[in-house]
Amino acid sequence: MTKEPMKLGVEPPRQYALRDAYDRRVWRTPGTVICRELFFWALGVLTLGVVYNHHLLMLLGAVFCVLLVALGFLASVLRNKTRVGLVRTAPAVKGTLGVPRRVPMLHELFRGQRESTYILPYNYTTDEGVDVTGRLWICGCARNHLPPKSVEWILYEPEQAKSSLPLRVAVMVAPH
């Protein structure tokens, strides 16, 4: 059974829940991606401890694995709660997307470009006339659907213009 694609209006209020923020979205949370990268390094330390029967390496590897999983989860929940708040209530303005650039991560080394992490820059002008540059970490599968120099609706927090998000990304679903 396929789900009907989500559609969100430009004007708030919009119906969007925390569950929607996790439903195969193409955005990535920087803290979670970095914790995942460090997790694999900690897993390597744990593995070396097991292979060489070195208790200190096993303990350090295990502690850092648990710590990084917890930090990654916390970073994801906090960031997605912020995104949900933006999607529900933030005003929208037109913005211009930039050229995405790849974030080199060792744990994504053998994945294709479609499943790698990219930083998508974008520019917009708030209703108060302030020019703002934002950026969003996205999955590589979204790059072809967000071409450079295209005009998209950008949601932003009026009190804190740096807190922003392209509206279209909130409804995009990763194909993998």
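The coordinates are above.
This is a predicted model, so every value here is computed, not measured.

> Explain the overall build of the protein to me, please; I cannot follow it from the model alone.
For the protein, the helix and strand inventory stands at 3 helices and 7 strands. Each helix and strand of the protein, placed in order from N terminus to C terminus, yields the pattern α-β-α-α-β-β-β-β-β-β. Structurally, the protein occupies a C-alpha span of about 60 × 40 × 30 Å along its principal axes. Residues classed as buried in the protein amount to 40% of the 176 residues present. In the protein, of all internal contacts separated by at least 6 residues, the share reaching a separation of at least 24 is 67%.

> Help me out: how do you make sense of unusual backbone geometry in this one?
Residue Pro13 follows Pro12 across a cis peptide bond; omega there is 0°. Inspection of the secondary structure puts Pro13 in the segment before α1 (18-22). The backbone of Asn53 shows a phi angle near 50°, a positive value even though the residue is not glycine. Within the secondary structure, Asn53 is located in the loop between α2 (30-51) and α3 (55-89).

> Even after reading the chapter, I still don't get a nonpolar patch on the surface, so can you show me in this structure?
Where nonpolar side chains cluster on the molecular surface, the patch consists of Leu56, Leu59, Leu60, Val63, Phe64, Leu67, Leu71, Leu74 and Leu78 and spans about 830 Å² of accessible area. Tracing the sequence through the fold places Leu67 in helix α3. Relative accessible area serves as the criterion here: at 42%, Leu67 is assigned to the partly exposed category.

> Where do I start with the packing of aromatic side chains in this structure?
When we look at a pair of aromatic rings, we describe it by the centre distance and by the angle of the planes. Under the counting rule described, the total for this entry stands at 3 aromatic pairs. Centroid distance Phe39 to Phe40: 5.5 Å. Interplanar angle 75°. Geometry classified as edge-to-face. Classification of Phe39 as partly exposed rests on a relative accessible area of 22%. Judged by relative accessible area, which is 41%, Phe40 ranks as partly exposed. Ring centres of Tyr124 and Tyr156 lie 5.7 Å apart, and the angle between their planes is 35°; this geometry places the pair in the tilted category.

> Whenever I open this one, the side chain of Ser150 confuses me. Can you help?
Residue placement: Ser150 occurs in the loop between β5 (131-139) and β6 (151-157). What makes Ser150 buried here is its relative accessible area of 16%. Here Pro147 takes part through its backbone oxygen, which lies 2.7 Å from a polar atom of the side chain of Ser150. Other than its neighbours up to four places away in sequence, Ser150 contacts Gly95, Thr96 and Leu97.

> Looking at this model, I keep getting lost on the pairing of β6. Mind explaining?
Consecutive residues of a regular strand have side chains that alternate between opposite faces of the sheet. In the sheet, strand β2 (residues 92-97) pairs with β6 via 5 bridges, with the strands oriented antiparallel. Among the inter-strand pairings, Ala92 is bridged to a residue of β6, identified as Leu155. With 4 bridges joining them, β6 and strand β7 (residues 160-166) adopt antiparallel strand pairing. Paired with Leu155 across the bridge in β7 is Leu165.

> Help me out: how do you make sense of the nonpolar core in this one?
Generally speaking, soluble globular proteins have nonpolar side chains that are buried together. In terms of nonpolar packing, the biggest core is built from 33 residues, with Tyr16, Val26, Trp27, Tyr124 and Leu146 touching the most fellow members. If you list the elements that add at least two residues to this core, you get α3, β2, β4 (117-125), β5, β6 and β7. If we ignore the near neighbours within four places in the chain, the residues touching Tyr124 are Val93, Lys94, Gly95, Val130, Asp131, Val132, Ile154, Tyr156, Ala161, Lys162 and Ser164. If you look at the next biggest cluster of nonpolar residues, it comprises 5 residues, including Val103, Met105, Ile119 and Trp137.

> In this structure, what is going on with α2? I would like to understand it.
Because each turn of an α-helix spans 3.6 residues, side chains separated by three or four positions end up pointing in the same direction. The end-to-end C-alpha distance of α2 is 32 Å, a good match for the 32 Å that 22 residues give at a rise of 1.5 Å each. Taken together, the buried positions of α2 are Thr32, Val33, Cys35, Glu37, Ala42 and Gly49. Buried positions along α2 lie against β1 (27-28), α3, β4 and β5.

What counts, and where the lines are drawn
Residues numbered from 1 in each chain as written. Predicted model: local features only at pLDDT ≥ 70, side-chain atom pairs only at ≥ 80, totals over all residues. Heavy atoms only, no water. Helix = DSSP H or I, 4+ residues; strand = E, 2+ residues; numbered from the N terminus. Buried < 20%, exposed > 50% of the residue type's maximum accessible area, 1.4 Å probe, protein only. Contact = heavy atoms within 4.5 Å. Patch = residues over 30% accessible without salt bridge, like charges linked within 9 Å, V, L, I, M, F, W, Y side chains within 5 Å. Areas by Shrake-Rupley, 256 points an atom, 1.4 Å probe, with all protein chains shown as cover. Salt bridge = Lys/Arg side-chain N within 4 Å of Asp/Glu carboxyl O. Phe/Tyr/Trp six-rings, centres within 6.5 Å; stacked < 30°, edge-to-face > 60°. Polar contact = N/O pair within 3.5 Å; in protein donor to acceptor, adjacent residues only side chain to side chain. Pairing = 2+ DSSP bridges. Core = buried A, V, L, I, M, F, W, Y, C linked by side-chain atoms within 4.5 Å. Expected span 1.5 Å × (residues − 1).

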